[in-house]
Amino acid sequence: AVVSTQSTGDREVEEQTKNFIFWLKRLDAPIARKRTEVQKFYSFMSKKLHQFPEFEGWSDEAVEEVVVGMERFVMVNIHSAVFNPPEDHEQNQRLDKRIQSLHWILPKHLDFSLPSDNEEADRQLAIAQSYLLQESMDRQNKTPHDKMRAIVQCCNALHNLFQIAHDTAAGADELLPMLIYTIVVAAPPDLYATIQYIDRFLPTDTLSSGKTAYHFTNMCIAQQFLESLSHDKLSLSEEEYTHFMEGHSSHLEEALSTKFAGGLLNNISRVKECEERLRKLQGFHCKLSRNVEQLVEEVRGHRKEVEVGVGDMIGLFNTVEVEMTALMAS
């Protein structure tokens, strides 16, 4: 249920929410239409809640918590119908490949530096990368709120990293290159689809101002930077840039100069290997299940054939027995 108690208002909220989910999951329409319908439903239900007598005297913050709970309930149930729709597939795959091809980028290419031999700084960088991976790979993070929260936590860790390195707070100019570097190192899958998902289905007022809007804007700028990246943005000659992009050389050893970052990348690699093995195992399981089902059907068919054959033999035996009895009697 969306709300814990079952007053008249609660039941109406729950019923209308479930009806909306049922309708939207079956709506055959472009993702832009689905976005419009979801945002309209958010607005409608937010106004509706304020009309119920059960919520009289509640603070705006308390009612907002109920609204957020309703939003989460909706998005968990329609996630598969609206995340990474066909309209996003091509650009999502293109950005994933683009990020993977930039694994050689170092902080110096983005005009910032990381403190050396500082375990706490290494830990904050690792935390930032882990939040990006959590946002994209954790199957429990299905709502725009969950994915946006992971991005905010990633940026908070980068702010901590900058504070450790420079003993001052990071502004947008300092945060952005660190965020771009973190994306390149972590290489979170489906980044484009995730950004579009947040933009479409997080309530519009959430992204209009405040800390969430600030960090989301930085993430969008980072995405655009990576999509349009060229040698002149990395303080490289065109020849050097082409050389690295073609995979002839890599600065990965330098990138792994900190044991914490190196350990994290090894863990990321292992996670991706495990995911690939899991996909293969799931495919084998599906194939095996189909083979087992086919075998069961064949056994059932064979059993029927045997039963028919045995029945025919018994009938023939009975006929012979009758004929022999009649012959002996004569």
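Now for a description of the structure that goes with this document. Please read all numbers here as calculations on a predicted model, not as lab measurements.

1. Considering the nonpolar core
With 48 residues, the main nonpolar core has Ile-183 and Leu-226 as its most contacted residues. Listing elements by their share of this core, those giving two or more residues are helix H4 (86–101), helix H5 (119–137), helix H6 (144–166), helix H7 (172–186), helix H8 (191–201), helix H9 (210–227) and helix H10 (238–245). Not counting chain neighbours up to four residues away, the residues in contact with Leu-226 comprise Leu-95, Arg-98, Ile-99, Leu-102, Ile-180, Ile-183 and Val-184. Counting residues in hydrophobic clusters, the runner-up holds 26 residues, among them Leu-27, Ile-31, Val-38 and Tyr-197.

2. Re H9
When the terminal C-alpha atoms of H9 are compared, their 26 Å separation across 18 residues agrees well with the 26 Å that a helix rising 1.5 Å per residue should span. Taken as a whole, H9 has its buried residues at Ala-213, His-215, Phe-216, Asn-218, Met-219, Cys-220, Ala-222, Gln-223, Phe-225 and Leu-226.

3. With respect to the packing of aromatic side chains
Within this structure, the stated rule accounts for 7 aromatic pairs. Consider the rings of Trp-104 and Phe-244, whose centres lie 4.9 Å apart with planes at 35 degrees: the pair is tilted. Note that Trp-104 is positioned in the loop between H4 and H5 and Phe-244 in helix H10, a separation of 140 residues in sequence. The exposure classification of Trp-104 matches that of Phe-244, with both residues buried. Ring centres of Phe-112 and Tyr-181 lie 5.9 Å apart, and the angle between their planes is 70 degrees; this geometry places the pair in the edge-to-face category. Residue Phe-112 is found in the loop between H4 and H5, and its partner Tyr-181 is found in helix H7; the two are separated by 69 residues along the sequence.

Cut-off values and rules
- Residues numbered from 1 in each chain as written.
- Predicted model: local features only at pLDDT ≥ 70, side-chain atom pairs only at ≥ 80, totals over all residues.
- Heavy atoms only, no water.
- Core = buried A, V, L, I, M, F, W, Y, C linked by side-chain atoms within 4.5 Å.
- Buried < 20%, exposed > 50% of the residue type's maximum accessible area, 1.4 Å probe, protein only.
- Helix = DSSP H or I, 4+ residues; strand = E, 2+ residues; numbered from the N terminus.
- Contact = heavy atoms within 4.5 Å.
- Expected span 1.5 Å × (residues − 1).
- Phe/Tyr/Trp six-rings, centres within 6.5 Å; stacked < 30°, edge-to-face > 60°.

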